[in-house]
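Below, each chain spelled out in residue letters.
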Amino acid sequence: MKKNPKKSWWILVIVSVGVMVPFMIPYFTLDSDKSRVPLAPATHEYPILVSHIVFAFIALITGLLQFVERIRITNPKIHRIIGKIYVSSVFISGLLALAVIFYVENFTKSMAFLTLAILWLFTCWKGYRKAVKRHFNEHRVWMLRSVGLTLVAVSARLLVPVLLLLYYILNDFSLPGGRDQVFEVILNVNIWVGLVLNFIIVEWVILKKSKGKNKKP
Ligand code: HEM
């Protein structure tokens with residue numbers, strides 16, 4: 001059966017927005033009491049976190065828009081404008097994420113965010129430089145990696161119920177320590193699992209695309 005890239009793109013957009021919006025709504029109220037993550041008192045953590053979320057969301061939307069062929073092929077000017085918004089948003093949000101990491105108490109979680117933030121900034125920078133140098137094949141590969149990392153925010157959240165089930169199975173069908181403790185354990189590892197999963201998917205897509213190109217006469 002032939003895959004429909006337009007349909008896959010729409011599914012990705014709907015799932016990404018559908019997963020992320022409920023997590024973002026409490027922060028759009030600008031009421032720090034509604035923060036889902038515990039905030040360090042008398043610090044700038046809340047405004048930094050909210051700004052990170054706003055720019056990350058812009059990066060998510062613009063990143064996905066870059067895969068619309070109609071814009072990319074027939075309207076390269078729009079593609080460049082959206083691309084510049086994506087790169088700026090990743091840089092702003094990624095640097096703000098680096099600042100938020102200082103407030104994350106769990107070391108496993110903060111190392112996952114640190115790895116993700118560095119890779120996010122690095123891949124986006126490489127993608128941008130390749131476009132400036134007009135190395136468009138490499139530009140596409142690095143931008144695929146960059147958007148794959150943007151989507152870790154989505155996959156890490158989607159993985160929570162899967163990890164919960166695995167935890168339950170691996171602990172002889174029980175939740176030792178109770179539900180709250182189990183959730184805490186899962187929220188300390190889901191970013192790592194999302195990172196590895198998205199890395200594998202993106203590298204597989206890149207490999208498949210390059211194989212397809214090599215096959216063409
Ligand atoms: C890919 C690189 C990203 C990094 C390194 C990153 C980093 C972080 C960090 C360190 C936190 C604070 C977590 C805590 O205190 O427990 C956070 C929270 C958050 N981020 Fe990001 N983030 C990234 C991408 C995104 C994207 C693309 C979105 C949305 C489109 C997003 C939305 C959020 C939201 C909604 C929160 C609040 C957490 C919650 O209430 O569950 N992030 N992020």
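Residues numbered from 1 in each chain as written. Predicted model: local features only at pLDDT ≥ 70, side-chain atom pairs only at ≥ 80, totals over all residues.

## Comments concerning the overall build of the protein
We apply this condition: Secondary structure elements are taken from DSSP: a helix is a run of H or I of four residues or more, a strand is a run of E of two residues or more, and numbering for both begins at the N terminus. For every residue, the other C-beta atoms within 10 Å of its own C-beta are counted; 20 or more classify it as buried, 12 or fewer as exposed, and values in between as partly exposed. C-beta atoms are placed from the backbone. Two residues form a contact once the distance between their C-beta atoms, set from the backbone, is within 7 Å.
The secondary structure content of the protein amounts to eight helices and zero strands. Mapped from its N terminus to its C terminus, the protein presents α and β elements in the order α-α-α-α-α-α-α-α. Overall, the protein is about 60 × 45 × 25 Å in size when its C-alpha atoms are taken along their principal axes. Scored against the burial criterion, the 217 residues of the protein give a buried share of 25%. Taking contacts inside the protein between residues at least 6 apart in sequence as the whole, the part at least 24 apart equals 66%.

## Concerning the site of the ligand
Note the cut-off: Being near a molecule or strand means, for a residue, that its C-beta atom, positioned from the backbone, comes within 6 Å of it. Put simply, Ala, Val, Leu, Ile, Met, Phe, Trp, Tyr, Cys and Pro go in the nonpolar bin, Asp, Glu, Lys and Arg in the charged bin, and everything else, Gly too, in the polar bin.
As a matter of local geometry, the ligand sits amid 23 residues, with R36, A56, A97, A117 and A153 nearest to it. Put simply, the parts of the chain that give the shell around the ligand at least two residues each are α1 (5–28), α2 (45–65), α4 (76–101), α5 (107–132), α6 (136–150) and α7 (152–170). Examining the composition of the shell around the ligand, we find that six residues originate from one element, α2, more than from any other. Residue classes in the shell around the ligand are distributed as 20 nonpolar, two polar and one charged.

## Concerning the nonpolar core
Across soluble globular proteins, you tend to see nonpolar side chains buried next to one another. Going by this rule: Residues of type Ala, Val, Leu, Ile, Met, Phe, Trp, Tyr and Cys that are buried and joined through C-beta atoms within 7 Å form what is called a nonpolar core.
Ranked by internal contacts, the top residues of the largest apolar core, which has 36 residues, are A56, L116 and V152. Listed by contribution, the elements that provide at least two residues to this core are α2, α4, α5, α6, α7 and α8 (178–215). At eight residues, the largest contribution of residues to this core is made by α2. Dropping the residues within four chain positions of it, A56 is found in contact with S93 and A153.

## Comments concerning unusual backbone geometry
A positive phi angle, near 60°, is found at L30, a position not held by glycine. Tracing the chain through its elements places L30 in the loop between α1 and α2. Residue classification places L30 among the exposed residues on the basis of 10 C-beta atoms within 10 Å. Not every positive phi belongs to a glycine, and A42 is a case in point at roughly 55°. Checked against the element boundaries, A42 lands in the loop between α1 and α2.

## Overview of α5
Heads up, the rule is: An expected span of 1.5 Å times one less than the residue number is assigned to each helix.
Compared with the 38 Å implied by 1.5 Å per residue over 26 residues, the 37 Å span of α5 between its first and last C-alpha is a close match. Residues A112, L116, A117, W120, T123, C124, G127, Y128 and A131 constitute the buried set of α5. One or two steps after α5, the chain reaches R134, where phi turns positive at roughly 60°.

## Focus on the UniProt feature "transmembrane region" (unreviewed entry) in the protein
Cut-off, in case you're wondering: UniProt positions are given in the numbering used here, feature names are shortened, and annotations may be inferred rather than shown by experiment.
Under the feature "transmembrane region" (unreviewed entry), the UniProt entry names residues 9–28, 48–69, 81–104, 110–128, 149–169 and 189–207. In residues 81–104, the share of helix is 88% and the share of strand is 0%. The end C-alpha atoms are 34 Å apart. The span residues 189–207 carries 100% helix and 0% strand; its end-to-end C-alpha distance comes to 27 Å.

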